[in-house]
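Chain residues, written in single-letter form:
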Amino acid sequence: MDAGGLDSDGRRFNNAEEMWREEVGDHPKKTEWYNQGVGYWEGVEASVDGVLGGYGHVNEQDIKSSEAFLNTLLVDRFPNGEGSRQLVALDCGAGIGRVTRNLLIRYFNEVDLLEPVSHFLEAARENLSPENVIVLDSHRASNFYCVPLQEFTPDDGRYDVIWVQWCIGHLTDDDFVSFFKRAKGGLKPGGIFVLKENIARTGFILDKEDRSITRSDLYFKELFDRCGLHIYKSKDQKGFPEELFQVKVYALTTDLPKRVNRTRPKGKTNRPGIIK
């Protein structure tokens with residue numbers, strides 16, 4: 001990443017490589033980077049307001065937008081729905097199970113949760129117990145993994161969707177690429193990644209307190225190329241407070257998206273499309 005950036009103390013870096021050399025230049029520093037990141041969240045209350053950094057009121061809008069985005073993917077990628085396929089999702093950086101409880105478990109037969117902060121994961125286990133969530137009997141939270149992203153390898157061919165939200169900023173660039181390359185093996189044929197993250201206007205912003213980096217859209221796209229991933233579709237989050245970072249959601253595939261011919265037949269340009 002050639003564009004410069006700055007950290008939360010106001011220090012400027014000429015490029016991302018310079019920043020990473022200083023922050024995680026050797027193994028002990030890299031271990032410290034990850035330990036401090038988890039340590040920050042270990043001091044945060046296991047609540048919606050806690051995991052959303054004091055902005056618990058954006059939860060409803062976040063879920064609403066994510067659900068609309070997910071629905072377009074399910075129609076496109078799995079048009080026959082659950083009738084012919086048991087849908088399974090992985091919730092990465094699952095926290096207290098906020099996204100799983102409010103969204104994923106309603107659409108997937110099974111959801112696995114991946115979260116390195118133990119008290120968050122225990123709260124998720126409680127929040128998703130059968131007596132605390134109302135879903136079809138065929139839908140459940142199956143596995144709870146207390147493992148950091150950079151150390152996790154999914155079971156081969158298990159997931160239809162791997163959902164990664166507000167956690168990938170804790171990974172270095174190299175571990176970002178390594179994670180997605182490993183995680184590709186966890187997707188079923190036709191499976192897809194969903195990445196929802198804060199977006200810097202340009203370059204990057206390093207948060208020294210929680211050891212995370214907010215990347216620009218261009219920065220993400222460069223990393224997607226390194227991962228061998230392709231943007232299937234993307235959308236900007238709307239309705240969040242102005243003081244927050246822009247948020248963007250990407251659907252990523254391991255195969256090149258097929259081009260869709262949107263030319264309409266003559267004489268039918270004003271007719272509504274038929275939903276099949």
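Since the structure is predicted, the reported quantities are computational estimates derived from the model, not experimental observations.

A. Molecular detail of the side chain of Glu 110. Looking at where Glu 110 falls in the secondary structure, it is placed in strand β4 (residues 110–114). At 2.7 Å, the side chain of Glu 110 and the side chain of Ser 142 are in polar contact. Ignoring sequence-local partners within four residues, the contact set of Glu 110 consists of Leu 87, Val 88, Ala 89, Arg 140, Ser 142 and Arg 158.

B. Spotlight on the pattern of salt bridges. Tallying each qualifying case throughout the model produces 19 salt bridges. The salt bridge involving Asp 62 is made with Lys 196; its shortest N-O contact spans 2.6 Å. Taken as a pair, Asp 62 in helix α4 (residues 59–77) and Lys 196 in strand β7 (residues 187–199) lie far apart in primary sequence, 134 residues in all. Between Arg 158 and Asp 112 there is a salt bridge; the shortest N-O distance is 2.7 Å. With Arg 158 in the loop between β5 (140–145) and β6 (159–165) and Asp 112 in strand β4, this pair connects stretches of sequence that are 46 residues apart. Note on accessibility: Arg 158 and Asp 112 belong to one class, buried. A single network of salt bridges, built from pairs that share partners, joins Glu 110, Asp 112, Arg 140 and Arg 158.

C. Expanded view of the sheet that holds strand β2 (residues 12–13). With mixed pairing, the four strands of this open sheet are ordered in space as β2-β1-β8-β9. Edge strands, defined here as strands with exactly one partner in the open sheet, are β2 and β9 (212–215). On top of the sheet, helix α8 (residues 217–227) reaches β8 (204–207) and β9; it is set at about 100° to β9, its chief contact.

Parameters at a glance
Residues numbered from 1 in each chain as written. Predicted model: local features only at pLDDT ≥ 70, side-chain atom pairs only at ≥ 80, totals over all residues. Heavy atoms only, no water. Helix = DSSP H or I, 4+ residues; strand = E, 2+ residues; numbered from the N terminus. Polar contact = N/O pair within 3.5 Å; in protein donor to acceptor, adjacent residues only side chain to side chain. Contact = heavy atoms within 4.5 Å. Salt bridge = Lys/Arg side-chain N within 4 Å of Asp/Glu carboxyl O. Buried < 20%, exposed > 50% of the residue type's maximum accessible area, 1.4 Å probe, protein only. Pairing = 2+ DSSP bridges. Axes fitted to C-alpha atoms, helices over the stretch in contact; angles between N-to-C directions.

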